[in-house]
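Notes for the structure review
Listed here are the chains, written in short residue letters.
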Amino acid sequence: MKIVIAGGTGFVGQHLVDYYTSKDDQVIILTRNPRKNSSEDNVTYVEWLNGDSQPELQVNSADVFINLAGESLNGGRWNDERKKRILESRITTTRELIRIMNAMPNPPHTFINASAIGFYGTSDTEIFTEQTVNPGSDFLAEVCNIWEQEADEANKLDIRTVKTRFGLILDKHNGALPKIALPYKLFAGGRLGSGEQWMSWVHIYDVVKMIDWIINNKQVSGSVNITAPDPKRNKDFGKELSKTIKRPHWLPAPSFAIKTILGEMSLLLLSGQYVYPKALENSGYTFQFATLQTALHDLYER
């Protein structure tokens, strides 16, 4: 295959690049700063979002477009300027990808656009699946909803469009897990706030395999939850992590302190949602890491 990835130098993007190049597929990474002398086999860097660049001339006949681009949610407090950049970066990149696909003589058959389980808002009691159509009411839900509406424009080009709603992606070296594990490694781990908030997680291995499954199973379309079928409350996630890395789970971090430090961004730590991957389950996908115990064991003990 020939696969175009926007955001291919990020956490998830790099795992996808490694996976597809290992299968001898061709990967084109759209980036503002292309590497002129890349030694990576089967990887091409193409400049985009820079003035007069015309990436559509270099990505023709690509089979799949994957959009992972957008300003990080964790880059600082959510003041008005940062919130504006978070939203606009996702709108800009998605619109540009749709423009590129529309300009291609041979457009891709599949467009996978990243989103997040933040679409559903937060709840300690509800269970969310892809059949939940109404977004939540907080900032993250608003961002995800607008982002997905932009992605849906690809359907008008007769391109199968999949909106992947990512949960908390677990990897030993990247993403949120090293930050979550750090207090435990310092013997200061414990629940965050009430500890009752849900954490809908997924192992990075399954993230890559889920995306590959979506590409190769054309019946999958629309919204797809990228989560494992074993969400945990924060207090239980912490206990399982502490057991795995053999550190105590005893020192809670009070909500007021987290809110004081992070402001509105504390939503990422103090609130959550129980999200179930019904669409992938119905399509026949089999999880390599279906339980938190097996996922953490793989990451820390193998």
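Definitions and limits used
Residues numbered from 1 in each chain as written. Predicted model: local features only at pLDDT ≥ 70, side-chain atom pairs only at ≥ 80, totals over all residues. Heavy atoms only, no water. Helix = DSSP H or I, 4+ residues; strand = E, 2+ residues; numbered from the N terminus. Buried < 20%, exposed > 50% of the residue type's maximum accessible area, 1.4 Å probe, protein only. Contact = heavy atoms within 4.5 Å. Phe/Tyr/Trp six-rings, centres within 6.5 Å; stacked < 30°, edge-to-face > 60°. Lys NZ or Arg CZ within 6 Å of the ring centre and 35° of its normal. Polar contact = N/O pair within 3.5 Å; in protein donor to acceptor, adjacent residues only side chain to side chain. Core = buried A, V, L, I, M, F, W, Y, C linked by side-chain atoms within 4.5 Å. Pairing = 2+ DSSP bridges. Axes fitted to C-alpha atoms, helices over the stretch in contact; angles between N-to-C directions. Parallel < 35°, antiparallel > 145°, perpendicular 65-115°, else oblique. Left-handed = near helix turned anticlockwise from the far one by under 90°. Nonpolar A, V, L, I, M, F, W, Y, C, P; charged D, E, K, R; others polar.

A word on the overall build of the protein chain. Within the protein chain, the secondary structure is distributed over 10 helices and 13 strands. With the C-alpha coordinates of the protein chain rotated into their principal frame, the extents come out at 60 × 45 × 40 Å. Expressed as a percentage of the 302 residues in the protein chain, the buried residues total 51%. Considering only residue pairs separated by 6 or more positions, the protein chain has 77% of its internal contacts joining residues 24 or more positions apart.

Attention now goes to unusual backbone geometry. Look at S61: it is not a glycine, yet its phi comes out positive at around 70°. With respect to the helices and strands, the residue S61 is situated in the loop between β3 (43-47) and β4 (64-67). A positive phi angle, near 65°, is found at F187, a position not held by glycine.

To continue, consider the packing of aromatic side chains. Taken as a whole, this structure holds 8 aromatic pairs when the rule is applied. Ring geometry for W213 versus Y285: centroids 5.9 Å apart, planes at 75°, classification edge-to-face. Placement of W213 in helix α5 (residues 204-216) and of Y285 in the loop between α9 (278-283) and α10 (292-301) is noted, with a sequence separation of 72 residues between them. Seen in terms of ring centroids, Y285 and F287 are 5.1 Å apart; in terms of plane orientation they differ by 85°. Their pairing is edge-to-face. A network of ring pairs unites the aromatic residues F119, Y120 and F128 as a single cluster. One cation-aromatic arrangement involves R90 over W147; the distance from NZ or CZ to the ring centre is 5.0 Å. Positioned above the aromatic ring of F119, the side-chain terminus of R165 is 3.8 Å from the ring centre.

Moving on, we get to the side chain of T94. Within the secondary structure, T94 is located in helix α2 (residues 80-103). A polar side-chain atom of T94 sits 2.7 Å from the main-chain carbonyl oxygen of R90. Residues within four places of T94 in sequence aside, it is in contact with N67, F111, N113, W147, E150 and A151.

A separate point is the nonpolar core. I66, L170, V207, I211 and I226 are the most contacted members of the largest nonpolar core, which has 50 residues in total. Considering every element that reaches this core, the biggest residue donor is α5, with 7 residues. Within the second largest apolar cluster, 19 residues are counted, among which are W48, V59, F111 and A154.

Looking now at the sheet that holds strand β1 (residues 2-6). Ordered in space as β3-β2-β1-β4-β5-β7-β11, the 7 strands form an open sheet in which the pairing is parallel. Each end of this open sheet is capped by a strand with a single partner; those strands are β3 and β11 (222-226). Going across the sheet, the axis of each strand differs from the next one's by a mean of 20°, ignoring polarity. By the bridge criterion, 7 bridges tie strand β5 (residues 110-116) to strand β7 (residues 160-166) in an arrangement that is parallel.

So, about the side chain of S123. Assignment of secondary structure puts S123 in the loop between β5 and β6 (127-128). From its side chain, S123 meets the backbone nitrogen of T125 in a polar contact 3.1 Å long. In this structure S123 touches F128, W198, G272 and Q273, once residues within four positions along its chain are discounted.

Here R90 shows up in helix α2. Residue class for R90 comes out buried when judged on its relative accessible area of 8%. Note: C-alpha distance between R90 and V143 (53 residues apart in sequence) is 8.4 Å. Contact partners of R90, with chain neighbours within four places excluded, come to A69, G70, E71, L73, V143 and W147.

With that out of the way, let us pick up the pairing of strand β2 (residues 26-31). Within β2, 5 of the 6 residues are buried, which leaves the element mostly enclosed by the surrounding structure. Bridging between β2 and β3 involves 5 bridges; their strand directions are parallel. Residue I29 lies in a different strand from β3, and its bridge partner there is Y45.

It is worth spelling out the packing of α2 against helix α3 (residues 139-151) at this point. As a packed pair, α2 and α3 sit with axes 9 Å apart at the nearest point and diverge in direction by 15°. As the angle between them shows, α2 and α3 are arranged roughly parallel. Of the two elements, α2 crosses α3, and the hand of that crossing is right-handed. Note on element contacts: α3 touches α2 through F139, V143, I146, W147, E150 and A151, opposite K83, I86, L87, R90, I91, T94, R95 and I98. Its residues assigned to classes, the contact of α2 with α3 comprises 9 nonpolar, 1 polar and 4 charged.

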